Amino acid sequence: MNWKNEVDKRKGTIVKDTQSFLQIESVLDEKTVSKQAPFGEKIREAYDWLLHKAKQEGFKVKDHDGYAAHIEWGTGEEIVGILCHIDVVPGGDDWTSPAFNAEIRDEKIYARGALDDKGPTMACYYALKILKDAGIETGKRVRLIIGTDEESQWRCVDHYFKHEEMPSLGFAPDADFPIIYAEKGICDFIYETKLTSNTGLVRSFHSGHRLNMVPDRAVAKLDIKQVENTSKLRNLFHQYLVHNDCKGSLNIRDSNVELTLNGFSAHGMEPEDGVNAGLLLAGFLIKLPLNIEEKNFITPLVAMFLKDSRGENIDIAYSDEQLGDLTINIGQMMYEQGSESKIGINLRYPEGASFDVIKRSLDDHFQAYGYVGDTRVHETPHAMDKDHELVKILSKVYEEETGEQAELLAIGGGTYARALNAGVAFGPLFPGQKDVIHQADEYISIKHLLAMTVIYTRAVYELAKR
Ligand SMILES: [Zn+2]
């Protein structure tokens with residue numbers, strides 16, 4: 001079969017369906033949650049739109065309470081799973097055309113979800129349809145598994161796999177081509193303590209909003225009555241900023257001396273790509289006269305993490321050849337005099353590192369400062385054998401369809417593929433392509449949409465064939 005011809009013949013309907021699908025604002029909406037719509041009406045609308053289409057086409061469809069569904073094609077004992085999601089992050093501002101208009105300009109469809117993940121979901125749906133239309137006989141069943149909560153808490157796949165068989169292998173079209181075969185373990189920890197003193201130098205300290213981002217700004221409010229000499233402090237701060245090659249300011253507001261330090265944001269999976277404003281400001285504050293509660297907040301930041309994103313200071317540094325270094329991002333630092341303080345950590349570790357050892361070391365070190373920890377997220381590393389048939393088949397398909405080498409990627413990030421026992425991330429972003437995911441003017445070019453449809457059709461064919 002010439003899959004490219006089959007895809008090209010359907011160009012008009014693929015584009016039109018993708019547009020219609022993208023025009024539904026399928027964003028998590030707690031206000032319209034109901035029993036039928038666990039993530040809100042609009043996600044349910046997009047879900048119904050797709051499931052209705054699949055039923056009309058004659059596919060077997062199974063809906064698990066609005067959490068997740070599958071569209072099934074083919075026969076056989078084993079299952080090939082394709083894990084997609086139809087929920088999207090909010091549109092946000094600064095779009096050239098509204099985020100849910102799915103306007104076509106310059107042979108590109110502009111819409112939230114165009115690449116992440118509704119465009120690729122349509123491509124995979126058409127892969128199934130083309131194979132079905134061609135009357136191909138399979139040796140395995142193929143399930144397009146439709147998730148609805150990927151952008152938030154993955155409650156969709158958690159629910160789905162409580163009721164359904166795990167596919168024997170599969171892929172998620174929700175990251176990068178060629179193939180992501182290994183991902184680090186990911187954990188979020190929060191260490192916190194109550195504060196009782198209502199006096200002291202530091203009234204508040206705030207830096208960072210999300211654990212998986214390097215904070216680009218930190219603000220400390222100091223009690224002006226506790227600052228001996230403001231101009232001396234200004235000089236010291238200025239020297240510190242120059243010495244660390246960063247920007248900041250000292251302002252007097254109300255009864256506070258407000259220190260602001262600007263760093264540089266980056267994804268938490270590689271803290272060295274950014275400059276952590278919070279840690280750097282802590283590095284300045286430690287030189288000032290602090291009370292015990294203030295010391296207990298500032299000292300661990302400086303002693304454990306400033307200029308060490310690899311865990312060397314607390315003896316948990318670890319590296320392996322595939323996935324590289326264990327990394328630590330201090331994504332959130334918060335101190336409110338007389339109330340509480342919190343330190344939020346996003347830590348990623350390669351296979352071979354022990355979660356228990358990591359957790360124990362953090363707990364022990366923080367305990368010395370009176371902080372207690374809680375693990376908010378823990379996902380173990382996910383890695384496929386490079387010689388697994390899944391990797392081999394997808395590599396071959398990718399190489400033959402693109403003429404490029406199918407380099408196998410190991411990353412620090414987490415993709416939807418880890419919801420599968422034997423799964424990889426496979427597309428949709430091609431190497432060197434501009435990554436517009438979660439940004440204004442997210443788009444998918446029609447050429448690219450068709451190209452990925454060809455690759456997915458061929459991939460499903462090769463994985464499921466007799
Ligand atoms: Zn996604």
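Residues numbered from 1 in each chain as written. Predicted model: local features only at pLDDT ≥ 70, side-chain atom pairs only at ≥ 80, totals over all residues. Heavy atoms only, no water.

Per an unreviewed UniProt entry, the recorded name for the protein chain is Dipeptidase PepV, and the organism is Salipaludibacillus keqinensis. Recorded under Cofactor (unreviewed entry), the UniProt text for the protein chain is reproduced unchanged: "Zn(2+)". (UniProt positions renumbered as here; feature names shortened; annotations may be inferred.)

Draft legend 1. Up close: the packing of helix H3 (residues 41–56) against helix H4 (residues 118–133). Between H3 and H4, whose axes approach to 12 Å, the crossing angle comes to 10°. When the axis of H3 is compared with that of H4, the two are roughly parallel. On H4, the residues touching Trp 49, Leu 50, Lys 53 and Ala 54 of H3 are Thr 121, Met 122, Tyr 125 and Tyr 126. Residues belonging to the contact of H3 with H4 are distributed by class as follows: six nonpolar, one polar and one charged. (Axes fitted to C-alpha atoms, helices over the stretch in contact; angles between N-to-C directions. Helix = DSSP H or I, 4+ residues; strand = E, 2+ residues; numbered from the N terminus. Parallel < 35°, antiparallel > 145°, perpendicular 65-115°, else oblique. Contact = heavy atoms within 4.5 Å. Nonpolar A, V, L, I, M, F, W, Y, C, P; charged D, E, K, R; others polar.)

Draft legend 2. Fine view of the coordination of the zinc ion. Distances from the zinc ion to its protein donors, namely His 85 (NE2), Asp 116 (OD), Asp 174 (OD) and Asp 174 (OD), fall within the range 1.9 to 2.5 Å. One can describe the site at the zinc ion as irregular: its four donor atoms subtend angles covering 54 to 144° at the metal. We note that the donor set of the zinc ion lies within a single chain, spaced as H-x30-D-x57-D. Residue His 85 is located in strand E3 (residues 79–85), and its partner Asp 174 is located in the loop between strand E7 (169–172) and strand E8 (175–176); the two are separated by 89 residues in the primary sequence. For His 85, a relative accessible area of 0% puts it in the buried group. Judged by its relative accessible area of 13%, Asp 174 is buried. (Donors = N, O, S within 2.8 Å, 3.2 Å for Na, K, Ca; no water. Tetrahedral: all angles 85-135°; square planar, octahedral: opposite > 155°, others 65-115°. Buried < 20%, exposed > 50% of the residue type's maximum accessible area, 1.4 Å probe, protein only.)

Draft legend 3. Focus on the sheet that holds strand E24 (residues 443–445). In space, the three strands of this open sheet follow the order E4-E5-E24, with antiparallel pairing throughout. Of all strands in the sheet, those bounded by a partner on one side alone are strand E4 (103–105) and E24. When the angles between neighbouring strand axes are averaged without regard to direction, this sheet yields 25°. Bridge count for E4 against strand E5 (residues 108–110) is three bridges, and the pairing is antiparallel. Its bridge partner being in E5, Ile 104 is matched across the sheet by Ile 109. Against the sheet, helix H2 (residues 11–22) contacts E4 and E5, and its axis sits at roughly 15° relative to E5. Those strands touched by helix H11 (residues 446–464) are E4, E5 and E24, and its axis lies near 70° from that of E24. (Pairing = 2+ DSSP bridges.)

Draft legend 4. The pairing of strand E18 (residues 340–349), seen in detail. For E18, the tally of buried residues reaches eight of 10 residues, placing the bulk of the element in the interior. Two strands pair when backbone bridges link them, and strand E10 (residues 185–194) and E18 are joined in this way by 10 bridges, in the antiparallel orientation. Residue Cys 187 lies in a different strand from E18, and its bridge partner there is Leu 347. Relative to E18, strand E17 (residues 327–336) is paired through nine bridges, and the arrangement is antiparallel. Counted as the bridge partner of Asn 329 is Asn 346 from E18. Counting the residues between successive antiparallel strands, the hairpin from E17 to E18 contains three residues, one of them, Gly 338, with a positive phi of roughly 75°.

Draft legend 5. Broad picture of the domain arrangement of the protein chain. On domain assignment, one finds that the protein chain holds domain 1 (3–184 + 382–464) and domain 2 (190–379). Once you take the C-alpha centre of each, domain 1 and domain 2 turn out to be 38 Å apart. Taken residue by residue, the interface counts 11 residues in domain 1 and 10 residues in domain 2. Inspection of the domain 1/domain 2 interface yields one salt bridge. Among the salt bridges present, the one from Arg 418 reaches Glu 379, with a minimum N-O distance of 3.4 Å. The interface formed by domain 1 and domain 2 includes three residue pairs in polar contact (both at pLDDT 80 or more). Of all elements in the fold, only strand E9 (179–183) and strand E21 (408–411) reach the threshold of two or more residues within the side of domain 1 that touches domain 2. Looking at the side of domain 1 that touches domain 2, the element that brings in the most residues is E9, giving three residues. When the residues that make up the side of domain 1 that touches domain 2 are grouped by side-chain class, the tally is five nonpolar, three polar and three charged. (Domains from an automatic or database assignment. Salt bridge = Lys/Arg side-chain N within 4 Å of Asp/Glu carboxyl O. Polar contact = N/O pair within 3.5 Å; in protein donor to acceptor, adjacent residues only side chain to side chain.)

Draft legend 6. Highlighting the environment of Met 1. Looking at the secondary structure, you find Met 1 in the segment before helix H1 (3–9). Residue Met 1 is classed as exposed on the basis of its relative accessible area of 60%. When near neighbours in sequence (up to four residues on either side) are disregarded, Met 1 contacts Glu 6 and Ala 134.

Draft legend 7. Spotlight on the pairing of strand E13 (residues 247–253). By the bridge criterion, seven bridges tie E13 to strand E14 (residues 256–262) in an arrangement that is antiparallel. From the neighbouring strand, Lys 247 faces E14, where its bridge partner is Asn 262. Where E13 folds back onto E14 in an antiparallel hairpin, the turn is made up of two residues, including Asp 254, whose phi is positive at roughly 50°.

Draft legend 8. Structural detail: the packing of aromatic side chains. Counted by the stated rule, this structure contains 24 aromatic pairs. On the basis of an interplanar angle of 65° and a centroid distance of 5.8 Å, the ring pair of Phe 59 and Tyr 125 is categorised as edge-to-face. One end of the pair, Phe 59, is in the loop between H3 and strand E1 (60–64); the other, Tyr 125, is in helix H4, with 66 residues separating them in the sequence. For the residue pair Phe 59 and Tyr 125, the accessibility class agrees, reading buried in each case. Between Tyr 191 and Phe 366, the aromatic rings sit 4.1 Å apart at their centres with planes inclined by 15°, giving stacked as the arrangement. Of this pair, Tyr 191 sits in strand E10 while Phe 366 sits in helix H9 (residues 355–367), and the two are 175 residues apart along the sequence. Like Tyr 191, the residue Phe 366 is buried in the burial classification. Above the face of the Tyr 110 ring, Arg 105 is positioned so that its terminal group lies 4.0 Å from the ring centre. Its guanidinium or amino end placed over the ring of Phe 21, Lys 118 lies 5.3 Å from that ring's centre, counting from NZ or CZ. (Phe/Tyr/Trp six-rings, centres within 6.5 Å; stacked < 30°, edge-to-face > 60°. Lys NZ or Arg CZ within 6 Å of the ring centre and 35° of its normal.)

Draft legend 9. Geometry of H9. With 13 residues, H9 should cover 18 Å at 1.5 Å per step; its first-to-last C-alpha distance of 18 Å lies within 8% of that length. When H9 is considered as a whole, its buried residues turn out to be Phe 355, Ile 358, Lys 359, Ser 361, Leu 362 and Phe 366. Here the buried residues of H9 occupy an arc of 165° about the axis, which is enough to place them on one side. Turned more than 90 degrees off the buried face of H9, the exposed positions are Asp 356 and Gln 367. Turning to H9, the residues buried within the fold contact E10, helix H8 (292–305), E18 and strand E19 (372–379). Where H9 begins, the capping side chain belongs to Ser 354, and its oxygen is found 3.3 Å from the backbone nitrogen of Asp 356. (Expected span 1.5 Å × (residues − 1). Arc of directions from axis to C-beta.)

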